Amino acid sequence: MTAGELMRRVRVTGRVQGVSFRASCRDEARALGVSGWVRNLADGSVEAVFVGETAQVEALIDWCRSGPRGARVDAIDSERIDAAALSASDRPESGARFAVR
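Rules of the game
Each chain carries its own residue numbering, running from 1 in the written order of its sequence. Since the coordinates come from a predicted model, pLDDT governs what is reported: local features require at least 70, and pairs of side-chain atoms require 80 or more to be given and counted, while whole-chain, interface and lining totals use all residues. Based on all heavy atoms of the structure, the side-chain values leave hydrogens and waters out of the count. For this document, the term salt bridge refers to a Lys or Arg side-chain nitrogen within 4 Å of an Asp or Glu carboxyl oxygen. Strands are runs of DSSP state E lasting at least two residues, helices are runs of H or I lasting at least four, and both sets are numbered from the N terminus onward. Relative accessibility under 20% of the residue-type maximum defines a buried residue, over 50% an exposed one, and the middle range a partly exposed one, all with a 1.4 Å probe and only protein chains included. A helix is expected to reach a length of 1.5 Å times the quantity of its residues less one. This arc describes the spread of directions from the helix axis toward the C-beta atoms. In this analysis, two residues are considered to be in contact whenever any of their non-hydrogen atoms come within 4.5 Å of each other. Strands qualify as paired when DSSP identifies two bridges or more between them.

Visitor: Would you mind showing me how to read the pattern of salt bridges here?
Guide: Proximity of charged atoms lets side chains of opposite charge pair with each other. Considering all chains together, one arrives at nine salt bridges under this definition. As a salt-bridge pair, Glu-79 and Arg-9 come within 3.3 Å of each other at their nearest N and O atoms. With Glu-79 in strand β4 (residues 72-80) and Arg-9 in strand β1 (residues 5-15), the pair connects residues that are 70 residues apart, well separated along the chain. For Glu-79, a relative accessible area of 40% corresponds to the partly exposed category. A relative accessible area of 22% means that Arg-9 is categorised as partly exposed. In this structure, the salt-bridge partner of Glu-47 is Arg-39, at a minimum N-O distance of 2.7 Å. Note on Glu-47: relative accessible area 10%, which makes it buried.

As C-alpha cells, then:
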C-alpha cells in the first residue's frame with residue numbers, strides 16, 4: 001500500500017451468492033483500478049478487501065450496495081483497516097490485480 005491509498009474490509013449480506021457477485025465485483029474493481037480480493041463466506045455473505053485511491057475504493061463500495069443484476073443486498077458493513085490487522089493469507093499482494101477467492 002502506498003501513501004494516499006485506502007484499505008477497507010467489506011461484508012455484504014443478502015442474496016449475494018450464486019448471482020455472479022464475486023466475478024462482477026472483480027470486473028468493477030479492475031475497471032476502477034482497485035486491488036484486493038472477494039470471497040464467499042459460509043453464512044451466505046460475501047467478504048472483500050479493497051485497496052486503492054480513496055475515490056475508487058468508495059466507488060466500489062457504492063457499487064456493492066446494489067451489486068450485479070440478480071443480487072439483493074440487504075446490508076453492507078465497511079471498515080477501514082490496516083494490513084497488519086489481516087492474517088498473512090488475507091493481505092492483498094502488493095501490486096496484484098483484484099482476485100476472486
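Visitor: Please explain helix α1 (residues 21-32) as it appears in this structure.
Guide: Taking 1.5 Å per residue as the helical rise, α1 with its 12 residues ought to reach 16 Å, and the 16 Å between its terminal C-alpha atoms agrees with that figure. Among the residues making up α1, those that are buried are Phe-21, Cys-25 and Ala-29. Along the axis of α1, the buried positions cluster into a sector of 65°, meaning they face one direction only. Tucked into the core, α1 has its buried residues touching β1, β2 (35-40), β3 (46-53), α2 (54-64) and β4.

Visitor: For this particular structure, what's the right way to read the environment of Val-51?
Guide: By secondary structure assignment, the location of Val-51 is in strand β3. Overall, the relative accessible area of 6% leaves Val-51 in the buried class.

Visitor: What is the right way to read α2 from this model?
Guide: Because each turn of an α-helix spans 3.6 residues, side chains separated by three or four positions end up pointing in the same direction. If you check which residues of α2 are buried, you get Val-57, Leu-60, Ile-61, Trp-63 and Cys-64. When α2 is viewed along its axis, its buried side chains cluster within an angular range of 155° and face the same direction. Those residues of α2 that are buried lie in contact with β1, α1, β3 and β4.

Visitor: Help me understand the pairing of β3 in this model?
Guide: Looking along a regular strand, one sees side chains alternate from face to face of the sheet. The buried fraction of β3 amounts to seven of the eight residues, a majority that puts the element mostly inside the structure. With eight bridges connecting them, β1 and β3 associate as antiparallel partners. When the bridges of β3 are listed, Leu-6 appears paired with Gly-52. Both β2 and β3 contribute to a ladder of six bridges, which runs antiparallel. Its bridge partner being in β3, Ser-35 is matched across the sheet by Val-51. Linking β2 back to β3 in an antiparallel pair, the connection comprises five residues, with Gly-44 at a positive phi of about 95°.

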